[in-house]
Structures are given as C-alpha cells and as structure tokens.
Amino acid sequence: PQAAEWQAAVAAALECANNRGKFANESEGVLGRLDRALTLLQKQKFSDEAAILEGSASKQQVVHFLMDCVRNRFLAWRKVSFLKDALTKGHPQWSKAFKDHVAGCPTCQTVDLARDKPVPRPDTKWPIPFALELLAACGVALPLFALGPGCNCLLRLVLFLIGLLCVLLWLAFEGLFLWRRAFVLHRLVRGRYAVGHTRVEVSRAWFPMRALLMDPTTNPPGVPPDAARRASAATRPESAGGRRGSQEAEPNHRERGCISFGEWWCDKPVSHAAIRKGGAVATRERLPSDDQGGSTMLVECSRHGWNGELARLNAEGKITGLPHAGSFDGDCILWQRGSGSDSNAEVWAKVGCNRLTWVRKLLLLLATVGCIIVVAIVGIPPGLHLQCGPSISIFKTKSPLDLLFLLDSSGSITSEWENEKAATVSMIDAFAKAYGTWADRVNAGVGQFSSKTYLEEALTNELEKVKATASAMPQRMGGTDMAPGLDLCRTQLATQAGKDHAQVCVLITDGEASDPGQLPDAIAQLRAAKVNLMGIYVGNTATDADKLREYACGSSSATDCIWFAKVADFNELQGRIAQIAASVAERSDKQETIIDRTCVRPLWTLWALFLIIPALLWWIWLHFKPRSPPPDTAHRAPQRLRLAGANEARTGAPPAQDAPNRQCAIL
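Basis of the calculations
- Residues numbered from 1 in each chain as written.
- Predicted model: local features only at pLDDT ≥ 70, side-chain atom pairs only at ≥ 80, totals over all residues.
- Heavy atoms only, no water.
- Pairing = 2+ DSSP bridges.
- Helix = DSSP H or I, 4+ residues; strand = E, 2+ residues; numbered from the N terminus.
- Axes fitted to C-alpha atoms, helices over the stretch in contact; angles between N-to-C directions.
- Disulfide = S-S within 2.5 Å.
- Buried < 20%, exposed > 50% of the residue type's maximum accessible area, 1.4 Å probe, protein only.
- Patch = residues over 30% accessible without salt bridge, like charges linked within 9 Å, V, L, I, M, F, W, Y side chains within 5 Å.
- Areas by Shrake-Rupley, 256 points an atom, 1.4 Å probe, with all protein chains shown as cover.
- Salt bridge = Lys/Arg side-chain N within 4 Å of Asp/Glu carboxyl O.
- Phe/Tyr/Trp six-rings, centres within 6.5 Å; stacked < 30°, edge-to-face > 60°.
- Expected span 1.5 Å × (residues − 1).
- Contact = heavy atoms within 4.5 Å.

**Here we look at the sheet that holds strand E9 (residues 332–335)**
If you walk around this closed barrel you meet the eight strands as E1-E4-E5-E6-E7-E8-E9-E10, and the pairing is antiparallel. The mean inter-strand angle of the sheet, taken between neighbouring strand axes irrespective of direction, is 30 degrees. Note: E9 against strand E10 (residues 346–350), four bridges, orientation antiparallel. Across the sheet, Trp335 pairs through a bridge with Glu346, a residue of E10.

What follows is the structure in structure tokens.
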C-alpha cells in the first residue's frame, strides 16, 4: 500500500502541474501528500524501494512541480528540499532528472534549495556575547565588594563564604550534568513550548548559548526580512492571532529583549505545546516492551493532535515513542520529519527560565561574581581576618612613667646630703635606662621636705634639667614632716595624670616622721589618686624601717613588696638603684594595640567600571533603530500573478478551457 500511495501521489502531482487552477489551489496539499507518501515508504525499508522510486513516471514534470511549489510558497522549500535529498540519494535517474530539468528551465534556476552553507552576514543584529556580560559583571562586582565591606571583619568573612558557595553551586551543577545527564534533562524537559520557532546556530563566542531561538515574528539572522515576514504569516498558529493581529509582524527582538537578545529577560512567547511527567502505570500499558529505557513524559500538542501521548527521553536527549523522532538539548526540541536533517526539523522552543542555557548563564554569573568576591576579600587589605575592624598588631610596650623624688633634708642627714642628691641623679638615669627605647616616656620632678616642703623642679621629660636641679639644690634643714611632702607628690602628679600613666612618689629618708598623726590621711589620699609610694630607708633602725614599709606597702608583713627598699647607707643604695629601677619599670609593661596596617579604601578598583563599556556599547547598538527608508509606492504584482504570467510561456500550456479556473484562482 505504501508503494501504491507513492504512485498515486506522483500522479496527483503531475495532474496538478498540468492544471494551473488546481496548482494554485491544491499544490500545497499535493506537496504534503508527496512528503507523507515518501516518508512512509522509506520507513518500510523495502528491498525494492529503489525500483519503486526509479519507476516513477515523468520525473522532470515532477521536478518542475516541486520547483513551482517553492516559487509559489516560500515555506515549501523545506519539504521540497527533503524530497529532493530523498529522491536523489542513491537514485541516479532522479538525480539526472533534477540536474537536466534545472539546467533547461530558467524559472527553476531561480529556486535555491542548497543547505549547509556558511551563515551569511546577518540581516539583523546578533545578541551580546555572554563573555561581555560576564566582563561587565566583573566591572561592577570588583569595586562593590572591594569598597563595600570596608574593615568590617565579620561582613568580609560572610561575603567570602558566599563567594565560595556561588562557585560551588556552578561546579555542582556542571558535575551533575556530566555524571547524571539523564536526571538533569528529565527535569528540564518539563514545561511549556512555543512551536514553529527558527533555530539559528551561533559560534562559541556566545557560550553557553548554542543557538538563537527566534519566534516567527522575528527576522532570524541570515534570512531576508520579506521572507521572514511571509514565513511568520504562514506559520503563525491560530491561537496567536489575538496577540499579533492580522497584519504582518515586524522584527521585534530589540523591544522584547532587555539585555541579550531576549535570552535573559523577555516576554514569554505564546506556547502551543507542553510536556508533563509521565506515570509508571501508564508507561507499562502504553509503551512497547522494547521501548522501556529512559524516563517517561506526556506530550501535548494540538497542532499534531497529541493529547497526553506517552514518550521516553534517554540520557542522550533522544525522544522516542511518538510518530516523529525528537531530540532535546536542554533548550529546545527538534522533531525530525523524514530525512533526519536538522534543516527539516520542527523546532519547539522551551518557554520560561527552566532551560539549560538560562540555568548555565545564571550559575556562571554567580560563579564569576563569587570569584570576584573571594579575590577582593582575600587579596585586598586588610584581607581575611577573624579580628573585626582594621587590621591591627599587638606590641609589648611601657606606660608613661611619672616620678617625683622627695628627698629628706632634715638636720639628721647633713653629712649625707651630697650622697643623697647623687643617688637621686643615679636613679633618674637608671629609670631612663630601664625604659630603653621608651625613655622619652619618663617624666621626673624633684623636691625636698624637712619642717617645710619645697618643690625644686616640676614634672618634665627633660631629665637632664631635673638632674641638674637635683645636683644643685641646697639643703633646707629642719624636722622630718612627711605628710606635706606626700601632699606635694599628689598635687604635682595629678597635673600629669593620664589613663595609662604609672605614677610613683619616691621618698628617701633616714628616720621616723615628725608628723605620724597626719600620715594616714595623706597616704590614703595618695592611694585614692592611684599614686604608688615608694619608700627608700637609709639607716639601721628597724622600727623606723618597718613603719616606712607599712606606709609604702600597706602591710608590715609584706616581704616581696617592690615599693620599699632598705639600705644601710647611700653607697649601698647606689649598688641597688638599677635593681629598683628595673622592678618598677617591669610593672609598667603593658600590651599596647598598634594599628600597623591601615584599612585604606582601594579606590583604584573603580577603574574596573570601564569593563562595562563593551557590553554597554553592544546594547546601545542593539537598540539603535536607523531611520526607515521611504515606502516604495511602486506597484508589485502578487506572487501568484507573477507565477501565472511566467507559466503562460511554458511549453505544454493548459488548454483554453482552463482559463476560467485560472481567473478564479487569481481572484
């Protein structure tokens, strides 16, 4: 029956070719009958298939019919191209018929059925390459994440982890697609589809996009605008009429696409097909036993009369179980019609964001921004630290030291006055030496007490001046009134009091105080002012030494108190001065926080904003609309009038009685 149907289709084509009236009104249906008959015949794989095809009569008239179909209806070239390939492949008589007829027919020479040519210069504009979009994203992300976090360590740590997460998401998806391709495709294939789109291959510069999926109202690159509009009018589904209207639609990709040709954000095209998840029970009942591999799905398409037809999708993206074989690449489905060539395939474009190209673009964008975040956080000072705030270092340093020396100038010390002054000068030098590089933090002053208290030199960091004053000051003579001297210490040291200052009142005496009743209050006020009293007793009276120890240390039983020293004479004091100064200097050690790496905002990263320029210029070029040329008012004959006129001169023109039919067809 398939061979008989082919012969009947050939006969119908010959009849239609010899009757211009039938050709004008029935050629499309006859061409479709030829296409179906040849497809069914080839599917049977008869051993005598070549003989059946080579036995067809009037091959050159059939060839002329096919060429006239293309000239009459532009979209018929796909079917005619398939028929030509199928008939000439392995069939020399058909190959000779096509070659001889086209060589001798001027009108047929105007029909171009060649395919697989290099893509010509596009008649419309290509989208922005995704690499330029990533470059623009880097230009925005680098200054944003280099300047934004500042010295907030916690925020920098959080952004660093987010950046790593973005990179890991992309790597996880690519690994999943590599090792579980069937799993990913099965979840991407579900959804709505727009039928009748045009698929135009693109180069690697537009990765991860492999092809542009243009809707019928858009002029694909390489297709003339007039032809695209005729194709749009011929293939637009009835359900889309309310959306587009009856007029011919102009290319509108620049209005619909926000950034990259509608591949990122655009209005959803009208969908006419859908794929849903298939059930296990229905699979066993409706699919043959030899077609049980892959995941199941339900296909709906009113154009093909598919209402929940069960099909299978394997790991390579092949779709089986339907009258037409299909292949899904993550973005669209190509339904093969006959020869298996992509040029003859019907394209179903996936609607929405759940498609491979969109998911890859989104994850690549996140991964790129994530890399920028990681580089900005780790590579730009203060870097990645657990301590919040500016990057800091901790150094061992010494607190500023304020020393006021009170020398006993009573009458009992007359013979040792010069030695006492010399010991004071040596102590000033010892404290400066103990502070080392921080000697400039030592402030000193000197006074004497007897019956009265005298301030000889106020607190200053000019230690040479203090030593000179101490060496030259005269002895005032009198009693040993200590309380006024302690009050002088408190008032003088209060003038230099600071948050981190260590303040010491150094009292040197050889006897008991003449005012013991006033000392407790003076010592209490001194301690309230956070001034340390250091007592140095020069002599051999144990009771006097114990009282001074109690004044300085607060307890007569304290044996390890650094604030008291007992020596027999000033010569022994000279030998212990370095030890006394080192003990006091050690107590002034502290941990000081020094900012050694300043948190300077890297304003130089603002230069990265220039990376936006290439994508911005491309976007402006896409949206630039040149001034339309003036309309051509010259009369142009309709295609069918030109076809009818061209065929009047054909050899073997139809008889005169067919003229009324031609006139009706033209009208």
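**Considerations on the state of the cysteines**
In this structure the tally under the stated criterion is two disulfides. The disulfide partner of Cys489 is Cys505, and the gap between their sulfur atoms is 2.1 Å. Taking the torsion about the sulfur-sulfur bond, which here is approximately 65 degrees, the covalent link between Cys489 and Cys505 counts as right-handed. Taken as a pair, Cys489 in helix H17 (residues 482–494) and Cys505 in strand E15 (residues 502–509) lie far apart in primary sequence, 16 residues in all. For the residue pair Cys489 and Cys505, the accessibility class agrees, reading buried in each case. The disulfide partner of Cys553 is Cys561, and the gap between their sulfur atoms is 2.0 Å. One quick way to see it: the torsion about the S-S bond of Cys553 and Cys561 is about -95 degrees, and its sign makes the bridge left-handed. A disulfide-free cysteine, Cys108 has its sulfur positioned 3.1 Å from the sulfur of Cys105, the nearest such atom.

**Some points on the environment of Arg441**
Mapped onto the elements of the fold, Arg441 is located in the loop between helix H15 (417–435) and strand E13 (442–449). When the C-alpha positions of Arg441 and Pro400 are compared, they lie 4.7 Å apart, and in sequence the two are 41 residues distant.

**Regarding a nonpolar patch on the surface**
On the surface, Trp604, Trp607, Phe610, Ile613, Leu616, Leu617, Trp619 and Ile620 cluster together into a nonpolar patch covering about 900 Å² of accessible area. In this structure, Leu617 sits in helix H21 (residues 613–623).

**A few points about the packing of aromatic side chains**
Summed over the entire model, instances satisfying the criterion amount to nine aromatic pairs. Seen from their ring centres, Trp306 and Trp335 are 5.3 Å apart, and the 65 degrees between their planes marks the pair as edge-to-face. Residue Trp306 is found in strand E6 (residues 306–313), and its partner Trp335 is found in strand E9; the two are separated by 29 residues along the sequence. When sorted by exposure, Trp306 lands in the same class as Trp335, which is buried.

**Looking at helix H5 (residues 77–88)**
With twelve residues, H5 extends 16 Å from end C-alpha to end C-alpha; this agrees with the ideal 16 Å at 1.5 Å per step. For H5, every residue scored as buried is listed here: Trp77, Val80, Ser81, Phe82, Leu83, Ala86 and Leu87. Buried residues in H5 make contact with helix H1 (2–17), helix H2 (20–44), helix H3 (49–54), helix H4 (59–72) and helix H6 (92–104). Note on H5: the residue one or two positions beyond its end, Gly90, has a positive phi of about 80 degrees.

**Thoughts on unusual backbone geometry**
Omega for the bond connecting Phe207 with Pro208 falls within 30 degrees of zero, at 10 degrees, which places this linkage in the cis form. Within the fold, Pro208 resides in the loop between strand E2 (198–201) and strand E3 (211–214). Positive phi values are uncommon outside glycine, yet Met477 reaches one of about 70 degrees. Position of Met477 among the secondary structure elements: in the loop between helix H16 (463–472) and H17. Its relative accessible area of 37% is what places Met477 among the partly exposed residues. Located in the positive-phi region is Lys530, a residue other than glycine, with phi close to 60 degrees. Position of Lys530 relative to the elements: it lies in the loop between helix H18 (519–528) and strand E16 (532–538). Judged by its relative accessible area of 72%, Lys530 falls in the exposed class.

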